[in-house]
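Each chain, letter by letter, is given below.
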Amino acid sequence: MSALTGLLDLVMAPLVPLSFGRPGLRLRRGSFTEPGRLDGRHVVITGANSGIGRAATVAMVKRGARVTMVCRDRGRAEAARDEIELVAGSPGLVAVELCDVARLDDMAGLASRLRDPIDVVIHNAGVLPPGRIDTEDNLELTWATHIAGPHLLLRLLRPRLAATARIVLVSSGGMYLVPLVAPATLPEPYDGVRAYAFTKRAQVVLAELWAEHDPLGPRVVAMHPGWVDTSAVRNSLPGFHRLMRPLLRDPAGGADTLDWLAACPPAQLEPGGFYFDRKRRPTHVVPWRRDRPETRAALWRWCNAVTEPYLTAGQGSARSASTRPGNAS
Ligand SMILES: NC(=O)c1ccc[n+]([C@@H]2O[C@H](COP(=O)([O-])OP(=O)(O)OC[C@H]3O[C@@H](n4cnc5c(N)ncnc54)[C@H](OP(=O)(O)O)[C@@H]3O)[C@@H](O)[C@H]2O)c1
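Residues numbered from 1 in each chain as written. Predicted model: local features only at pLDDT ≥ 70, side-chain atom pairs only at ≥ 80, totals over all residues.

Enquirer: Please explain the site of the ligand as it appears in this structure.
Expert: In the vicinity of the ligand, 30 residues are found, and the nearest of them are Gly47, Gly51, Gly126, Thr230 and Ala232. Breaking the shell around the ligand down by element, the ones donating at least two residues are α4 (51-62) and α9 (231-236). (Near = placed C-beta within 6 Å. Helix = DSSP H or I, 4+ residues; strand = E, 2+ residues; numbered from the N terminus.)

Okay, structure coming up:
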């Protein structure tokens with residue numbers, strides 16, 4: 001862990017532990033109401049085999065949704081699917097699609113395999129790498145996973161999505177610590193925590209940009225789950241985890257707003273909004289702060305440029321496949 005990572009790891013701890021942790025959720029839960037059923041709706045969620053994604057899948061299946069779990073490892077995915085079906089008590093509602101969301105050819109293949117109608121897409125897969133990793137597309141891993149992959153999937157699915165469809169980008173409260181930076185900017189020297197925060201900030205802006213550029217399209221929003229006790233936090237931020245453990249939410253608590261965003265009445269979902277604990281939130285600590293318009297425009301151009309080569313219909317890796325034939329609808 002670099003010195004900066006160690007420092008951020010510690011500095012993050014005392015910032016907003018009550019709000020982002022379990023006490024905040026417990027406090028707000030008192031005013032929560034039932035968002036409604038998802039019977040017959042098809043939800044696609046990435047990174048669904050563990051942590052928040054797994055908990056969100058359980059919650060949405062219990063609400064009646066058919067869920068396609070998008071995961072990169074067949075063994076982990078199928079084990080999680082079997083457990084989820086058991087816990088949710090609804091066999092046959094969960095499908096698995098294998099896909100590495102950081103690989104653009106895999107995402108293109110996924111888009112061509114997903115069956116319509118698609119009502120909700122949740123981009124939950126996330127990564128905080130210990131060191132710089134570049135993908136086969138020559139993209140740094142956090143930019144590929146959090147930005148390029150989700151943007152490509154949305155571009156490919158866009159013609160098939162109804163205006164009622166919902167797209168959710170799972171960001172992080174860590175994005176409050178950084179400004180919007182030029183696309184693909186990396187900290188020098190490389191620091192996974194800052195790269196993570198840059199791309200989580202960019203996800204929030206990407207949701208706003210989709211709302212601006214495609215006002216008649218699906219509702220694209222971002223959210224953050226709070227501080228949640230998952231393997232990602234345990235492994236990537238061990239100091240933070242040790243210090244904050246008693247306050248961390250369980251994965252179901254972190255997944256609550258995802259479940260709500262999938263099921264809430266349409267009037268409660270503002271395109272481009274950033275949500276936490278079922279409520280739209282400011283995107284900057286100081287509410288009057290703004291992202292630079294030229295950086296926002298550059299982000300949109302970059303997203304379109306890196307995904308452009310993969311827009312041809314049917315393109316994509318043949319190595320990924322559904323693990324249950326015909327079950328991705
Ligand atoms: N936990 C928190 O406090 C917290 C706070 C803010 C935001 N978040 C966000 O919440 C989301 C879920 O994180 P988590 O805390 O639940 O961690 P987690 O348990 O580690 O889950 C991350 C999931 O993403 C998957 N994933 C990562 N890279 C992938 C790729 N290239 N292709 C396909 N799947 C990939 C992982 O799959 P494998 O099992 O194959 O690795 C795993 O299923 C992330 O976006 C994270 O940034 C979490």
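Enquirer: For this particular structure, what's the right way to read the packing of helix α6 (residues 104-113) against helix α7 (residues 141-157)?
Expert: Angle between the axes and distance between the axes are the two parameters that describe a pair of packed helices. Their axes nearest at 9 Å, the elements α6 and α7 cross at an angle of 30°. Relative to α7, α6 is oriented roughly parallel. The element α6 and its partner α7 pack so that their crossing is right-handed. The residues of α7 that touch α6, namely those facing Leu104, Met107, Ala108, Leu110 and Ala111, are Ala148, Gly149, Leu152, Leu153, Leu156 and Leu157. (Axes fitted to C-alpha atoms, helices over the stretch in contact; angles between N-to-C directions. Parallel < 35°, antiparallel > 145°, perpendicular 65-115°, else oblique. Left-handed = near helix turned anticlockwise from the far one by under 90°. Contact = placed C-beta atoms within 7 Å.)

Enquirer: Can you help me understand helix α11 (residues 251-263) in this one?
Expert: One turn of an α-helix holds 3.6 residues; hence residues three or four places apart share an orientation. Here α11 contains 13 residues, and its C-alpha end-to-end distance of 18 Å stays within 8% of the 18 Å for a straight helix at 1.5 Å per residue. A bend of about 30° at Thr257 is the largest found in α11. Taken together, the buried positions of α11 are occupied by Pro251, Gly253, Gly254, Ala255, Asp256, Thr257, Leu258, Asp259, Trp260, Leu261, Ala262 and Ala263. (Expected span 1.5 Å × (residues − 1). Bend = angle between axes of the 7 residues up to and from the residue. Buried ≥ 20, exposed ≤ 12 C-beta atoms within 10 Å, placed from the backbone.)

Enquirer: Explanation requested: the nonpolar core in the structure shown.
Expert: In this structure, Met69 and Met223 are the most contacted members of the largest nonpolar core, which totals 93 residues. When residues of this core are assigned to their parent elements, the largest contribution, eleven residues, is made by helix α8 (residues 192-213). Beyond its immediate chain neighbours, meaning those up to four positions away, Met223 contacts Val168, Val170, Ser171, Thr257, Leu258, Leu261, Phe274, Tyr275 and Phe276. (Core = buried A, V, L, I, M, F, W, Y, C linked by C-beta atoms within 7 Å.)

Enquirer: For this particular structure, what's the right way to read the packing of α4 against α11?
Expert: Following both chains from N to C, one finds α4 and α11 inclined at 55°, their axes separated by 8 Å at the closest point. Taken together, α4 and α11 sit at an angle that is classed as oblique. In this structure, α4 crosses over α11, and the sense of that crossing is right-handed. Contacts between α4 and α11 involve Gly51, Ile52, Arg54, Ala55, Ala56, Ala59 and Met60 from the former and Pro251, Ala252, Gly254, Ala255, Leu258, Asp259 and Ala262 from the latter. Among the residues forming the contact of α4 with α11, the class breakdown is ten nonpolar, two polar and two charged. (Nonpolar A, V, L, I, M, F, W, Y, C, P; charged D, E, K, R; others polar.)

Enquirer: Whenever I open this one, unusual backbone geometry confuses me. Can you help?
Expert: Comment: phi is negative for the bulk of residues other than glycine, and the bulk of peptide bonds are trans. Looking along the chain, the bond that leaves Asp116 and enters Pro117 is cis, with omega of -10°. Positive phi outside glycine occurs at Asn138, with the angle close to 60°. Mapped onto the fold, Asn138 is located in the loop between β4 (120-123) and α7. Residue class for Asn138 comes out exposed when judged on the 9 C-beta atoms lying within 10 Å of it.

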